[in-house]
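Commentary on secondary and tertiary structure
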Amino acid sequence: MRVNYRHITQGTGVFITIAGILVLGGWLFDIPLLKTAGPGFASMKINSAVCFILSGALLVLYYYQQNNAIRRIFLFFTIIILLIGFTTLTEYIFNYNAGIDELLYPDTESGKEGISYPGRMSAATSFCFSLLAVVFLFLNNTNKTARILSQFALHFITLIAFLAVVGYLYDVPSFYTLSLVNSMAIHTSVLLCLLSVAASFIHPHIGIAGLFTGKGTGNIMARRLFPLMVLLLLILGYLQLLAHLNEWVTIGLGNALFVISFMLVGLFLIWATAGRLNRLDMIREQSEEKSISLEKQLHYTMDNMLEGAQIIGFDWRYKYVNDSFLKHAKYSREELIGYTVMEKYPGIEQTEIYKVYQRCFTKRIPIHLENEFTFPDGSQGWFELSFQPVPEGVFILSVDITERKRAEQNLINANKMLDRRADELQASNKELERFAYVASHDLQEPLRMVSSFLHLLEKRMEDKLDETSREYIDFAVDGSERMKKLIQDLLQYSRVGTEKEAIKEVDCNEVMNAVKADLALSVSEANAKLIIHPLPVIKAVYPQMIQLFQNLVANALKYRSEKQPEIEIGCSNNNDQWEFYVRDNGIGIDPKFFDKIFIIFQRLHSKKDYSGTGIGLSICKKIVEKHGGRIRVESQAGKGSTFFFTISKHI
Ligand code: ADP
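Okay, so let's go over this structure. A quick note: this is a predicted structure, and the numbers were derived from the prediction, not measured.

1. Topic: the overall build of the protein
- On a plain count of helices and strands, the protein comes out with 22 helices and 12 strands.
- Principal axes of the C-alpha set define a box for the protein whose edges measure 175 × 70 × 50 Å.
- When burial is assessed residue by residue, the protein has 40% of its 651 residues classed as buried.
- Long-range contacts, defined as pairs at least 24 residues apart, comprise 63% of the intrachain contacts of the protein with a sequence gap of at least 6.
- The centroid of the 66 positive side-chain charges in the protein is displaced by 2 Å from the centroid of its 66 negative side-chain charges.

Here is the structure:
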């Protein structure tokens, strides 16, 4: 437990002030017990009581002197004590009456005993208070000698007061009169003892107080032994005195008994104290051993860890380096220890890392950073560094992250290249789309010419053509028709990418109505049943939505099976996107073709079985992707297909 000497001093101060007030009350209200220890004993004089009240207050106030008002009060109280003590002392020395003895109240007690100077405190008491006041003036002095002298003056007061206590105990009046005229009261001497001891705790480590307050083994022993020995000596001495006075034993026997009992009790005390000291020693040794082994473990760990560890002293010299650090540093231990960082890495003063060292040295804060370091041989490396202030200077933990940094750099480069490629690809895609658009647009005209002239030819030569020629012309017409469809589809496909159309609120129910109207003939031809669930209003390009639904429903009709076609269209709300589906009970698709069908010109059937160009689904895919979504199919051959596509809510 930490002893708080300030509290001891202040507590004793309060006690002394209260005691002084009680004695003062004793005088004012004539309570003999408070004034004197008993008939025949000296009384504590009013002036002494006043001095005690003030001195007790001084012990409390001492610690608040940074406040100016309190410092003035402190000085005022000290001067009053000095005046009372010193004036009384001069009264004794020059044998006169200054008139201060009964200034406050007449001395009713001493009068009875016929003492010549009623109300005057004893010479010893006045000396003690004078000295005490002087000590209080110097206690706060910055001069060390003044403080030491003050402390020993306090010890001197303790000695005088203690002599008086012993004098009372063993009935040696010369001890409490100190060869002077009147005597120090018993409670005065006890209070003076307390007062001077408590005051000496203001500077607990100076003088004899230091002997009892220190942390060393000797101090522990002094603290334990001295008070017990004093108490024991007092008791034994008193017993010896009683034995003498009552003539229980002869003087010789009394002395012998005193010596023997003191020896025995002293031995016991020393034995108990020695035991305790030995135990303390043992604990100390154990904790020293523990801390040594801890230190060893720590060193072992540091020496062998993968991270580099170094300690740089305040003089910038290497104090400790572990093996990993040596690998990073490209130096041997002998080449580093004792040398400064600047000697080993010339020019480091101009780098950022130097400032980090400085910050850690001066501000004493931990710093963490990644740093690219150039070695004296010109090579470079990346290190993750942790600077930690330690009593010796700075402790630095380093991890070589060169590889990681390189990988990061490669990744960044690769990403940049990918971005570049993507840009190039986008540009060439745009180019292609433009080409497809222009080509299909321009091809339409000659194709129209081919088919119209074929029709003209057929009409003109109607009678002259034989069966084979007519068949050839039919083939040519059919080919040009298919080519027309192909060109139209291709044009549509390329339009999705090139034409900028406005995104607006699109009611999908309306879209489906339009699709239904467009496909009405095919629906009735196939006797198909359309089940359309309520659809949402979404943000999209209206004509593209029509095209998307139309392609999917048209496919569902086209790829129907023997059964009556049943086509179901619906939508679900998936957080930040809508998911639509178009389900049919048609011929279905083998899962191995799921990816293929969305690629342009890819078909699963021949022209003979099902007409088509293989562009419809790729147009759907393009439209869906333009709307921030994806398209997929779930199906099994012969069991119908469901096309799912999503449309983002935030395009
Ligand atoms: P097209 O219909 O002109 O051949 P699409 O791109 O629309 O071209 O379709 C690609 C292929 O996907 C079709 O040839 C067909 O084999 C298959 N397919 C598309 N829709 C369906 C469907 N609802 N049921 C079964 N197969 C389908």
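Let us keep going from here.
2. Quick look at empty space enclosed by the protein
- One pass over the structure, following the stated rule, counts 3 cavities of 30 Å³ or more.
- Here the largest cavity defines a volume of roughly 220 Å³.
- Looking at the second largest cavity, its volume works out to about 40 Å³.
- If you trace the second largest cavity, you find it lined by Ser43, Met44, Lys45, Ser48, Met121, Ser122, Thr125, Ser183, Met184, Ala185 and Thr188.
- Residues of the lining of the second largest cavity, tallied by class, amount to 4 nonpolar, 6 polar and 1 charged.

3. Considering the sheet that holds strand β4 (residues 380-390)
- With antiparallel pairing, the 5 strands of this open sheet are ordered in space as β2-β1-β5-β4-β3. Two strands in the sheet have a free side with no partner beyond their single neighbour: β2 (318-321) and β3 (367-374). Recorded for the sheet is a direction-independent mean angle of 25 degrees between the axes of neighbouring strands.
- Note: β3 against β4, 8 bridges, orientation antiparallel.

4. Quick look at the packing of aromatic side chains
- Counted by the stated rule, this structure contains 24 aromatic pairs.
- On the basis of an interplanar angle of 65 degrees and a centroid distance of 5.0 Å, the ring pair of Trp316 and Phe361 is categorised as edge-to-face. Remark: Phe361 occurs in helix α16 (residues 352-363) and Trp316 occurs in the loop between β1 (308-313) and β2; sequence separation between them is 45 residues.
- Both rings, one in Phe598 and one in Phe643, keep their centres 6.2 Å apart while their planes meet at 80 degrees; by these two values the pair is edge-to-face. Pair noted here: Phe598 is in the loop between β10 (577-583) and α22 (616-626) and Phe643 is in strand β12 (residues 641-648), with a separation of 45 residues, a long-range link. There is no split in this pair, since Phe598 and Phe643 are both buried.
- A connected cluster of aromatic rings, assembled from ring pairs, spans Phe314, Trp316, Tyr354, Tyr357, Phe361 and Phe387.
- Looking at Lys344, its charged tip hangs above the ring of Tyr339, at a distance of 4.5 Å from the centre.
- The aromatic ring of Tyr493 is capped on one face by Lys622, whose charged end is 4.1 Å from the ring centroid.

5. What about the pattern of salt bridges?
- In total, this model carries 19 salt bridges according to the counting rule given.
- A salt bridge links Glu445 to Arg448, with the shortest nitrogen-to-oxygen separation between them at 3.2 Å. With Glu445 and Arg448 both in helix α17 (residues 402-460) and 3 residues apart, this pair spans about one turn of that helix.
- Using a relative accessible area of 48% as the deciding quantity, one classes Arg448 as partly exposed.
- Lys621 is paired through a salt bridge with Glu625; the nearest N and O atoms lie 3.5 Å apart. Of this pair, Lys621 and Glu625 both sit in helix α22, 4 residues apart, which is roughly one turn of that helix.
- A residue is classified by how much of its surface remains accessible, and Lys621, at 31% relative accessible area, is partly exposed.
- Owing to a relative accessible area of 46%, Glu625 belongs among the partly exposed residues under this scheme.

What counts and what doesn't
Per-chain numbering applies: the sequence of each chain, read as written, is numbered from 1 onward. Residue-level local features of this predicted model are given only where pLDDT is at least 70; pairs of side-chain atoms are given and counted only at 80 or more, and the full residue set underlies all totals for whole chains, interfaces and linings. Side-chain measures here rest on the full set of heavy atoms in the structure, leaving out hydrogens and waters. The way it works is that DSSP assigns letters per residue, a run of H or I at least four long becomes a helix, a run of E at least two long becomes a strand, and they are numbered from the N terminus. With a 1.4 Å probe rolled over the protein chains alone, any residue whose accessible area is under 20% of its type maximum counts as buried; one over 50% counts as exposed, and the rest are partly exposed. Contacts are assigned to residue pairs that have any heavy atoms within 4.5 Å of one another. For the charge count, each Lys or Arg is scored as positive and each Asp or Glu as negative, with His and the chain ends excluded. Charged groups are reduced to one reference atom each: NZ for lysine, CZ for arginine, CG for aspartic acid, CD for glutamic acid. Buried and open spaces are told apart on a 1 Å grid over the protein atoms alone, a cavity being a set of points where a 1.4 Å probe fits but cannot get out and a pocket being an open set with protein on both sides within 12 Å along at least five of seven lines. Residues with an atom within 4 Å of a point are the lining residues. Grid points are joined across faces, edges and corners, and a volume is the space filled by probe spheres set on the points. Each residue receives one of three labels: charged for Asp, Glu, Lys and Arg, nonpolar for Ala, Val, Leu, Ile, Met, Phe, Trp, Tyr, Cys and Pro, and polar for the others, Gly being one of them. Any two strands with at least two DSSP-identified bridges between them are counted as paired. To define axes, lines are fitted to C-alpha atoms, for helices over the stretch in contact only, and angles between the resulting N-to-C directions are given on a 0 to 180 degree scale. Stacked, tilted and edge-to-face are the three classes assigned to paired rings of Phe, Tyr and Trp, where Trp is represented by its six-membered ring and a pair needs centres within 6.5 Å; plane angles under 30 degrees give stacked, over 60 edge-to-face, the rest tilted. Counted as over-ring charges are cases with an Arg CZ or a Lys NZ within 6 Å of the ring centre that also lie within 35 degrees of the ring normal. Every case where a carboxyl oxygen of Asp or Glu lies within 4 Å of a side-chain nitrogen of Lys or Arg is listed as a salt bridge.

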